[in-house]
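# Remarks on the overall topology
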Amino acid sequence: DKAAPNIVFVIADDLGWNDVSYHGSDLNTPVIDELARSGVRLEQHYTQPECSTTRASLLTSRYVVRTGLQNDVILNGGGQALPETEVTWANYMKELGYENYLVGKWHQGMNSWEETPVFRGFDYFYGYYGGQIHYFAHYHTKFGGHDFRRDYRDEQGNFKQEILKNELGGYLPKLLTDDAIRIIKDQKNKDKPMFMYFSLPNVHSPNQSPKGYISKYCPDGIEGYDRKQLAGNLGGLEESMKNLTDALKETGEWDNTILVFISDNGGAPVGLMSYAGHSNYPLRAGKTTLFEGGVRTPAFIAGPYVRHLAGSEANGMFHVSDWMPTLTSLIKKKTGRTFRLKNEIDGVDNSEMVFNGGTTKRKEMLLQINKGNEVLRMDKYKLIVGNAGEYDGYLNHQGRPEIKIQYDEPMDFLGKVKCSIGLCGGFGDYIIDPTDGAKVRLFDLEVDPSETYNIAGKHPDIVARIRARIDELRVIVRKPQDNSQIPEAHHKKSGGIWKPWRNTQSINIDYNILTKTEL
């Protein structure tokens, strides 16, 4: 039913609250700003603190604690994946008559073929399975190994995969955007609406961009090497957004498209792992933490379905799990089609807030129940029990430590972080246990969005009420998955290419790829 709206869902990677100029950044994002002004900005949009945890919640419309992925980010060569029992947003979109495309980053597992996109409801995939990638050489920037491919089914329904060798050296965001544009232009030949999940690498480290992008996109007065590198990377994101929306408008598809733009988590400021240059000012901390800087992100919705609300802000609570029920609610009303949920979901239908300027239907939001840390927001109050993350400060707009605001209490480490895989800053296994007696923080986000003043001691009744709700929610928590490295899963076992390793079915793969020397 072509009357149903196209959905183009764009995810930027690690884009900080203060990395878009409509939030007062020192960096320039005129394309993103104009799109945001043309629609509705979601100013209390929450994700999870890391890439794969957010994507799991987005794709299932469920809290990540239900999936077992809450303890760690999915690593290439590890055993974690979105469980096959989870039904994805793409599965439901097929029931609504959509053709589903995933262009860009997957990061939901690849131990078996059944864990990869075309087996999880997508008709087509062009991108990379892992969590990070070299923007030009297309290998994983920590573990090595080629990770750029095209997956699809032929006319007989057989799965096919192409390992993309001819693209080596090409700027990945441009390659992804060009493929998305090709899909958009081909929509005129389709009798189904399009669901495009467009997951760009920008601005995840490494901060790489084509020659000349820094001088072109970095404003005068920017201090610091890392912030300048980020400006170039952000310029690539700007170009992708411009070219994508231009294609939608030139083909006429914009007139029936809902475009959503979010970041998968907060930015990773200087001092947090190796992701230099981002800023979440004035929010506290950043990626991998459960403070606002790690989980509150830039987000907006644009297109003709929100044109009547252009320039407005939605200030109600919205979690990333809400997108599926919110968008499919509108689709159901427009088309009369429906589907039956296969699993209980935690996402809330917030279509009244997003499309009609109403208030949020979300009253609470569970961000974590894990050994060592529990976080729940209830109305305006946010309770953090235990360790909220390894880095608790925040940076100003120039990437330097902010000293104007002094926290009422310093971050204390309630236990050590075991970085058995050589990564720190939230990737390791927190061994702080139990949470009874651990540090308790309560913030009133309505008056203190920067989380500067812990009011737990003044409001023990509120703390008790929220902790009681956390106790009720423990029944939905799935045991965290083991993410230990598996030798059989390593790309060296498969000729330098990341691919599934424990699936025995015959898959038609074009292995006419780079030689080992070239890899």
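Calculation criteria
Residues numbered from 1 in each chain as written. Predicted model: local features only at pLDDT ≥ 70, side-chain atom pairs only at ≥ 80, totals over all residues. Heavy atoms only, no water. Helix = DSSP H or I, 4+ residues; strand = E, 2+ residues; numbered from the N terminus. Buried < 20%, exposed > 50% of the residue type's maximum accessible area, 1.4 Å probe, protein only. Areas by Shrake-Rupley, 256 points an atom, 1.4 Å probe, with all protein chains shown as cover. Phe/Tyr/Trp six-rings, centres within 6.5 Å; stacked < 30°, edge-to-face > 60°. Lys NZ or Arg CZ within 6 Å of the ring centre and 35° of its normal. Salt bridge = Lys/Arg side-chain N within 4 Å of Asp/Glu carboxyl O. Axes fitted to C-alpha atoms, helices over the stretch in contact; angles between N-to-C directions. Parallel < 35°, antiparallel > 145°, perpendicular 65-115°, else oblique. Contact = heavy atoms within 4.5 Å. Nonpolar A, V, L, I, M, F, W, Y, C, P; charged D, E, K, R; others polar. Core = buried A, V, L, I, M, F, W, Y, C linked by side-chain atoms within 4.5 Å. Pairing = 2+ DSSP bridges. 1 Å grid on protein atoms, 1.4 Å probe; cavity = no way out; pocket = protein on both sides within 12 Å on 5 of 7 lines; lining within 4 Å. Points joined across faces, edges and corners; volume = space filled by probe spheres on them. pLDDT = per-residue confidence, 0-100. Polar contact = N/O pair within 3.5 Å; in protein donor to acceptor, adjacent residues only side chain to side chain. Expected span 1.5 Å × (residues − 1).

Each helix and strand in the chain was counted, giving ten helices and 19 strands. Among the 519 residues that make up the chain, the fraction classed as buried is 65%. By element, 49% of the accessible surface of the chain is carried by carbon and sulfur atoms, the whole surface being about 19,000 Å².

Quick look at the packing of aromatic side chains now. If you walk through the whole model with that rule in mind, you get 18 aromatic pairs. Each ring, one from tryptophan 89 and one from phenylalanine 195, has its centre 4.7 Å from the other, and the planes form 40 degrees; the classification is tilted. Placement of tryptophan 89 in helix H3 (residues 89-95) and of phenylalanine 195 in strand S8 (residues 194-199) is noted, with a sequence separation of 106 residues between them. Taking the relative accessible area as the measure of exposure, phenylalanine 195 reaches 0% and is therefore buried. Here the aromatic residues Phe9, Trp89, Trp106, Phe122, Phe195, Tyr197, Phe318 and Trp323 are joined through ring pairs into a cluster of three or more. The ring centre of phenylalanine 291 lies 4.3 Å from the NZ or CZ of arginine 284, which sits over that ring. For lysine 332, the ring lying beneath its charged end belongs to phenylalanine 339, and the centroid distance is 4.1 Å.

Another aspect to go through is the pattern of salt bridges. Across all of its chains, the model carries 32 salt bridges by this definition. With its nearest N and O atoms 3.0 Å apart, the salt bridge here joins glutamate 34 to arginine 37. With glutamate 34 and arginine 37 both in helix H1 (residues 30-37) and three residues apart, the pair spans about one turn of that helix. Taking relative accessible area as the criterion, glutamate 34 reaches 45% and is therefore assigned partly exposed. Where salt bridges share partners, they join Arg150, Glu162, Asp179 and Arg182 into one cluster.

The geometry of H1 relative to helix H6 (residues 225-250) is characterised by a closest axis approach of 8 Å and an angle of 50 degrees between their N-to-C directions. Considering their axes alone, H1 and H6 lie oblique with respect to each other. Mapping the contact onto sequence places Pro30, Val31, Ile32 and Leu35 in H1 and Leu237, Glu238, Met241, Lys242 and Thr245 in H6. Taken together, the residues of the contact of H1 with H6 sort by class into six nonpolar, one polar and two charged.

The subject of this paragraph is the side chain of asparagine 233. With respect to the helices and strands, asparagine 233 occurs in helix H6. By relative accessible area, which is 0% here, asparagine 233 ends up buried. The contacts of asparagine 233, once residues within four sequence positions are left out, are Tyr135, Tyr171, Asn202, Val203, His204, Pro206, Asn207, Gln208 and Ser209.

To continue, consider the nonpolar core. Residues Phe9, Ile301, Trp323 and Leu327 are the most contacted members of the largest nonpolar core, which totals 51 residues. The element best represented in this core is helix H8 (residues 323-335), accounting for five residues. Here phenylalanine 9 is in contact with Leu58, Trp89, Phe195, Met196, Tyr197, Phe198, Val260, Ile262, Trp323 and Leu327, once residues within four sequence places are set aside. Ranked by size, the runner-up nonpolar core spans 45 residues in total, among them Met194, Leu237, Leu248 and Phe261.

This part is about the sheet that holds strand S14 (residues 373-378). Taken in spatial order, the four strands make up an open sheet running S13-S14-S15-S18, and their pairing is antiparallel. Of all the strands in the sheet, just strand S13 (364-370) and strand S18 (440-444) have a single pairing partner and so form its edges. Looking at each pair of strands side by side, their axes are set apart by 10 degrees on average, direction ignored. Of the strand pairs in this sheet, strand S15 (residues 381-386) and S18 are connected by five bridges, and their pairing is antiparallel.

Here the focus is empty space enclosed by the protein. Throughout the structure, instances matching the rule amount to three cavities of 30 Å³ or more. Residue classes in the lining of the second largest cavity are distributed as seven nonpolar, eight polar and one charged.

Bringing the confidence of the model for the chain into the picture now. Considering every residue of the chain, the mean pLDDT works out to 87; 86% of them sit at 70 or more. Here residues 396-437 is a poorly scored stretch, pLDDT under 50, and it has 97 contacts once near neighbours within four places are set aside; other chains count. Contacts from residues 511-519, a stretch scored under 50 in pLDDT, to residues over four places away or in other chains number 13 contacts.

This paragraph deals with the side chain of threonine 47. Assignment of secondary structure puts threonine 47 in the loop between strand S3 (45-46) and helix H2 (51-60). Of note is the side chain of threonine 47, whose polar atom sits 3.1 Å from the backbone oxygen of aspartate 264.

Under the 1.5 Å per step criterion, the end-to-end length of helix H4 (residues 172-185) is 20 Å for 14 residues, consistent within 8% with the ideal 20 Å. The element H4 is largely enclosed, with a buried count of ten among its 14 residues. Within H4 the residues assigned to the buried category are Leu172, Pro173, Leu175, Leu176, Thr177, Asp179, Ala180, Ile181, Ile183 and Ile184. Looking at the packing, one finds that the buried side of H4 touches strand S4 (99-105), strand S5 (124-128), strand S6 (149-153), S8 and H6.

Moving on, we come to H2. Across the ten residues that make up H2, a large majority, ten, are buried. Turning to H2, its buried residues are Cys51, Ser52, Thr53, Thr54, Arg55, Ala56, Ser57, Leu58, Leu59 and Thr60. The inward-facing, buried residues of H2 contact strand S1 (6-12), H3, S4, S8, strand S12 (318-319) and H8. Looking one or two residues beyond H2, the residue adopting positive phi is serine 61, at roughly 60 degrees.

Viewed as axis vectors pointing N to C, H4 and H6 meet at an angle of 10 degrees, and their least axial separation amounts to 9 Å. In terms of orientation, H4 and H6 fall into the roughly parallel class. Residues Pro173, Thr177, Ala180, Ile181 and Ile184 of H4 form the contact with H6, whose own contacting residues are Ser240, Asn243, Leu244, Ala247 and Leu248. For the contact of H4 with H6, the class distribution of residues is seven nonpolar, three polar and no charged.

Here we come to unusual backbone geometry. Backbone phi values are negative for most residues with the exception of glycine, while trans is the configuration of most peptide bonds. Omega for the peptide link from asparagine 202 to valine 203 comes to 10 degrees, which places this bond in the cis form. In this fold, valine 203 is placed in the loop between S8 and helix H5 (213-217). With omega at 0 degrees, the peptide bond leading from serine 205 into proline 206 counts as cis. Residue placement: proline 206 occurs in the loop between S8 and H5. Backbone geometry places aspartate 14, a non-glycine residue, at a positive phi of 65 degrees. Within the secondary structure, aspartate 14 is located in the loop between S1 and H1. The exposure class assigned to aspartate 14 is buried, which follows from its relative accessible area of 0%. Phi is positive for histidine 107, which is not a glycine, with a value near 60 degrees. Within the secondary structure, histidine 107 sits in the loop between S4 and S5. Residue class for histidine 107 comes out buried when judged on its relative accessible area of 3%.

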